[in-house]
Amino acid sequence: MEDKHKHEGGCDCAHGHNHSGSSCSCGHDHAHEQLDKKKFIFKVTAGGVFLIAGYILNELAEKGVADIPSFIFLLCFGISYLIVGFSIIKEAAEGIVHGDIFNENFLMGIASLGAFAVGEYTEGCAVVFLFTIGEFLQSLAVQRSRKSIKNMMELKPQKVTVFRDGSEVTIKPEQVKIDDIMIIMPGEKLDIDGVITDGCAELDMKALTGESIPVSKGVGDEVLAGAVDVDGAIRVRATKEYKNSTVSRILNMLEDAEDKKSNAEHFITRFSRIYTPIVCLVSLLIILVPPLFLGGEWKEWIYRGLSALVVSCPCSLVISIPLSFFGGIGACSKEGILVKGGNYLEMLAKADTGVFDKTGTITSGKFEYVNCECYHCHCSNNQHRELLKIIAACERYSTHPLAKSISLAFGHYADDCEVKDARNYAGKGVSAVVDGIKYYVGNEKLMQDIGIEFEETKCIGTAVYCASDTEFKGDIVFADIIKQDSKDAIAKLHRMGINETIMLTGDKEPIAEDIAAKAGIDTVYAKLLPDEKVARVNMLQQEGKTVFYTGDGINDAPVLAQADLGIAMGGVGSDVAIEASDMVIMGDSLSKIPVGRRIAKKTLNIVYENIIFSLVVKILIIIGCAVGIFDENAMWLAVFGDVGVCLIAIANAMRTLIIRKDKK
């Protein structure tokens, strides 16, 4: 399978010129163009004044109202053209030097100069004048489409207050070291991931998760960069350097998202390389064939051919299509869904099979204690303290959500234990030496691997078994809780065209089937190791299905990478989640996936609308120019076919930023 995580260096100019960075040789940095409003106002105002003056003087002279020498209105047209059109001619020349001939500046330059050559001075100036206005409006649209992502970019901190040598010091975020104590006051933003060491506060996570309700955090709680302190002063111990913090990684991911083109964008790039030379040839044939072989007038057919040349520019496609995907990515970011590129947004729209992990994805990952069975432990007062102490001591070093629940419930029993040589067994459990004795704590697979006879629990829930090298000690049982929105999210995905939903879990079949029934999942595969999950997803892909997989981004990293689209749930604090997945749901709500799919499908529909609309209008105008339907209005209609259609397509692309509320 093609490596879908390969980074695409540089980008392809829409006119076929490959270059590094984002600026194309046609002179337009469509992705990062900075608007010079003062320069634009001067060009349009001064150029417009001379254009109007030239037009009025020319009309007065033609109608015999005044005896005006032709060089006067020609001078006005010439000055107007130089003010507005000089940059176009310059950039066209630079494109030719760099081997990028058939770009929009070249086409506009040839058409406008050709109009001058046949005496259509007003049209020649109007082409570059309206084209310049159109380019400026396009730039405004691009900036607006980037606004939501720029809001995320504003999370980048300027300074951080830390406590060093008994005093508060303000430093740059890059200077913060691990274990530095950061001071966060009400109204301030947390700049680096950490753990609260003093104080408690309500933290606004809206910039990260899209949720508007603040979250209460206190001593010992992990907090992520980008959260805003609402009401309490806290001190936070930095657990990462800024370059590895959540916000820094998110910003880097968003910056890289542009480079990962969708299939539609790749198609438009390839299409433009063929389309533009063909329409240039058609324009040339319109100019040459009728005068040479059909007795047509040169002036008339040159005018028609130049009009066809103007309308042939593929600007509406090469600007609006990437803009649509970038707008879709921005809309997703508003909802707390980070998409790493247009290709993944397209994949979300086209997926037909949804595969889910159980723990932490469909369920909350918050386990409730159900039962404890002790076999060979020497317990007092039937409290099972010895078994609970051993299990808690071992699970302290596990990353599994169940281990966290065990540590939270019974961790204090193991405070005085000496624990050494802790080891994780993927999909099975852990082992550790506790007070000089080696113990194994995990599921039945781990018990089978070490060859210990054990008795499976009859309780419904997730069992954790404990054994030494010589005997089985007992088990405790926890039950996972299904998330409130899981059932609703799965039902919405079914209604949105996901043909089959599948749950893959390492848990036992009775538990897996119970959770799947509650969530509305179609198919369940239980007792799977990570590599078996990968094999299952691979089998689905071989059947021709387009699969997205949703997991916690830690134990499920291999299958996240295998799926056509990997979605990490609640993984904003996990390096593995960000690296292995193609999308990151910032939070733990499964309902974000239907929201993202709705945005993705809307984006793809807009892309198809723009492609069809642009091509149909351009082809009709070119045909009209060729057969002489438009006559004297051909050039003006051609300008609409280029600039007007482009602006309409861009306005349509901007609809990706409008997020309607989901219907219940």
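Residues numbered from 1 in each chain as written. Predicted model: local features only at pLDDT ≥ 70, side-chain atom pairs only at ≥ 80, totals over all residues. Heavy atoms only, no water.

> Even after reading the chapter, I still don't get helix α13 (residues 385-395), so can you show me in this structure?
Residue pairs three or four apart in sequence face the same way in an α-helix, which turns once every 3.6 residues. For α13, the tally of buried residues reaches 8 of 11 residues, placing the bulk of the element in the interior. Considered for burial, the residues of α13 that qualify are Leu-387, Leu-388, Ile-390, Ile-391, Ala-392, Ala-393, Cys-394 and Glu-395. (Buried < 20%, exposed > 50% of the residue type's maximum accessible area, 1.4 Å probe, protein only. Helix = DSSP H or I, 4+ residues; strand = E, 2+ residues; numbered from the N terminus.)

> Which parts of the structure should I look at to understand the packing of aromatic side chains?
Here the distance between the centres and the angle between the planes together describe a pair of aromatic rings. Tallied over the entire structure, the rule returns 8 aromatic pairs. An aromatic cluster is built from Tyr-369, Phe-410, Tyr-413 and Phe-478, whose rings are joined through pairwise contacts. The side chain of Arg-235 reaches across the aromatic face of Phe-163, ending 4.6 Å from its centre. The side chain of Arg-304 reaches across the aromatic face of Trp-301, ending 4.1 Å from its centre. (Phe/Tyr/Trp six-rings, centres within 6.5 Å; stacked < 30°, edge-to-face > 60°. Lys NZ or Arg CZ within 6 Å of the ring centre and 35° of its normal.)

> Help me out: how do you make sense of the side chain of Ser-589 in this one?
Within the secondary structure layout, Ser-589 lies in the loop between β24 (583-585) and α21 (592-627). For Ser-589, a relative accessible area of 15% translates into the label buried. One polar contact links Ser-589 to Asp-485, side chain to side chain, over a distance of 2.5 Å. (Polar contact = N/O pair within 3.5 Å; in protein donor to acceptor, adjacent residues only side chain to side chain.)

> Can you walk me through the packing of helix α9 (residues 298-311) against helix α22 (residues 634-653) in this structure?
Close contact between α9 and α22 brings their axes to 7 Å; oriented N to C, the two are set at 10°. On the basis of the axis angle, α9 is roughly parallel to α22. Residues Tyr-303, Leu-306, Ser-307, Val-310 and Val-311 of α9 form the contact with α22, whose own contacting residues are Ala-634, Met-635, Ala-638, Val-639, Gly-641 and Asp-642. Looking at side-chain class alone, the contact of α9 with α22 contains 8 nonpolar, 2 polar and 1 charged residues. (Axes fitted to C-alpha atoms, helices over the stretch in contact; angles between N-to-C directions. Parallel < 35°, antiparallel > 145°, perpendicular 65-115°, else oblique. Contact = heavy atoms within 4.5 Å. Nonpolar A, V, L, I, M, F, W, Y, C, P; charged D, E, K, R; others polar.)

> What is the right way to read the environment of Phe-472 from this model?
Tracing the backbone through its elements, the reader meets Phe-472 in strand β19 (residues 472-482). Considering only alpha carbons, one finds Phe-472 and Met-447, 25 residues apart in sequence, at a separation of 8.6 Å.

> What is the right way to look at the sheet that holds strand β5 (residues 181-184) in this model?
Note on sheets: strands pair through backbone hydrogen bonds, and any given pair is parallel or antiparallel. Read from one edge of the open sheet, 6 strands run β4-β3-β5-β11-β6-β9, paired in antiparallel fashion. Pairing within the sheet leaves two strands with one partner each, and these edge strands are β4 (167-171) and β9 (222-223). (Pairing = 2+ DSSP bridges.)

> What exactly am I supposed to notice about the pattern of salt bridges here?
A side chain of one charge can pair with a side chain of the opposite charge when the charged atoms of the two come close. Overall, the coordinates contain 16 salt bridges when judged by the stated rule. Between Arg-164 and Asp-180 there is a salt bridge, and its shortest N-O distance comes to 2.5 Å. Taken together, the positions of Arg-164 in strand β3 (residues 160-164) and Asp-180 in the loop between β4 and β5 put the pair 16 residues apart, joining distant regions of the chain. Of the charged contacts in the structure, one is a salt bridge between Lys-545 and Glu-543, with a shortest N-O distance of 3.4 Å. One network of salt bridges, with partners in common, ties together Glu-500, Glu-543 and Lys-545. (Salt bridge = Lys/Arg side-chain N within 4 Å of Asp/Glu carboxyl O.)

> It is not clear to me how unusual backbone geometry should be interpreted in this structure. Could you clarify?
Excluding glycine, residues mostly carry a negative phi; peptide bonds, for their part, are mostly trans. Of note in this structure, Asp-165 is not a glycine but carries a positive phi near 55°. Here Asp-165 shows up in the loop between β3 and β4. The backbone phi angle of Asp-421 is positive, close to 50°, even though this residue is not glycine. Checked against the element boundaries, Asp-421 lands in strand β15 (residues 419-425). The exposure class assigned to Asp-421 is exposed, which follows from its relative accessible area of 61%.

> Any chance you could explain the nonpolar core here in plain terms?
In a soluble, globular protein the nonpolar side chains are often hidden away together inside. Grouped together as the largest cluster of nonpolar side chains are 83 residues, with contacts concentrated most on Val-310, Val-339, Phe-356, Ile-521, Phe-548, Ile-567 and Ile-593. For this core, the leading source of residues is α21, giving 12 residues. Sequence-distant contacts of Val-310, that is, excluding residues within four places in its chain, are made with Met-108, Ala-111, Val-127, Met-635, Ala-638, Val-639 and Asp-642. Counting residues in hydrophobic clusters, the runner-up holds 24 residues, among them Cys-372, Ile-406, Ala-432 and Cys-466. (Core = buried A, V, L, I, M, F, W, Y, C linked by side-chain atoms within 4.5 Å.)

> Can you walk me through the packing of helix α2 (residues 70-97) against helix α3 (residues 104-117) in this structure?
For any two helices packed against each other, the geometry is given by the interaxial angle and the distance between the axes. It is the contact of α2 with α3, at a shortest axis distance of 8 Å, that shows an interaxial angle of 140°. Considered as vectors, α2 and α3 are oriented oblique to each other. Taken as a pair, α2 and α3 cross one another with a handedness that is left-handed. Contacts from Phe-77, Tyr-81, Ile-88, Ile-89, Glu-91, Ala-92 and Ile-96 of α2 reach α3 at Asn-105, Phe-106, Met-108, Gly-109, Ser-112, Leu-113 and Phe-116. For the contact of α2 with α3, the per-class residue count stands at 10 nonpolar, 3 polar and 1 charged. (Left-handed = near helix turned anticlockwise from the far one by under 90°.)

> I would appreciate a short explanation of the pairing of β5 in the present structure.
Remark: a regular strand shows side chains that alternate across the two faces of the sheet. Sheet topology note: the β3/β5 ladder contains 2 bridges and is antiparallel. If you follow Phe-163 over to β5, its bridge partner there is Ile-181. Bridging between β5 and strand β11 (residues 234-238) involves 4 bridges; their strand directions are antiparallel. Bridging from a neighbouring strand, Ile-183 pairs with Arg-235 of β11.

> What is the right way to look at the sheet that holds strand β7 (residues 201-204) in this model?
What the 3 strands build is an open sheet, ordered β8-β7-β10; its pairing is antiparallel. Here the strands that pair on one side only, and so sit at the sheet edges, are β8 (215-217) and β10 (228-229). Both β7 and β8 contribute to a ladder of 3 bridges, which runs antiparallel. By the bridge assignment, Glu-202 is partnered in β8 with Ser-216.

> Can you help me understand the confidence of the model for the protein chain in this one?
With 80% of its residues at a pLDDT of 70 or more, the protein chain has an overall mean of 78. The low-confidence segment residues 1-35, where pLDDT is below 50, has 90 contacts with residues more than four positions distant or belonging to other chains. (pLDDT = per-residue confidence, 0-100.)

> I'm lost on the environment of Ile-599 in this one. Help?
Relative to the helices and strands, Ile-599 is located in helix α21. Assessed through its relative accessible area of 6%, Ile-599 is described here as buried. For the pair Ile-599 and Ala-331, spaced 268 residues apart in the sequence, the C-alpha separation amounts to 7.3 Å. Filtering out sequence-adjacent residues up to four positions away, Ile-599 remains in contact with Gly-328, Ala-331, Cys-332 and Glu-335.

> Could you clarify how one ought to interpret the state of the cysteines in this entry?
Joining two cysteines, a disulfide is a covalent bond between their sulfur atoms. Throughout the structure, instances matching the rule amount to 0 disulfides. Sulfur of Cys-125: no disulfide; nearest cysteine sulfur belongs to Cys-76 and is 9.8 Å away. (Disulfide = S-S within 2.5 Å.)

> Would you take a moment to explain the pairing of strand β23 (residues 565-569) for this structure?
In terms of burial, β23 is a largely internal element, 5 of the 5 residues being buried. Here β23 shows no split at all, with Leu-565, Ile-567 and Met-569 on one side and Gly-566 and Ala-568 on the other all buried. Summarising the sheet, β23 and β24 pair through 3 bridges and their orientation is parallel. Across the sheet, residue Met-569 finds its bridge partner in β24, namely Ile-585.

> Looking at this model, I keep getting lost on a nonpolar patch on the surface. Mind explaining?
A cluster of nonpolar side chains, namely Leu-281, Leu-284, Leu-285, Leu-288, Val-289, Leu-292, Phe-293, Leu-294 and Trp-298, defines an oily patch on the protein surface of about 900 Å² accessible area. Broken down by element, the residue count for the nonpolar patch peaks at 7 residues, all from helix α8 (residues 263-293). Structurally, Trp-298 can be placed in helix α9. On the basis of relative accessible area, Trp-298 is assigned to the partly exposed category, the value being 40%. (Patch = residues over 30% accessible without salt bridge, like charges linked within 9 Å, V, L, I, M, F, W, Y side chains within 5 Å. Areas by Shrake-Rupley, 256 points an atom, 1.4 Å probe, with all protein chains shown as cover.)

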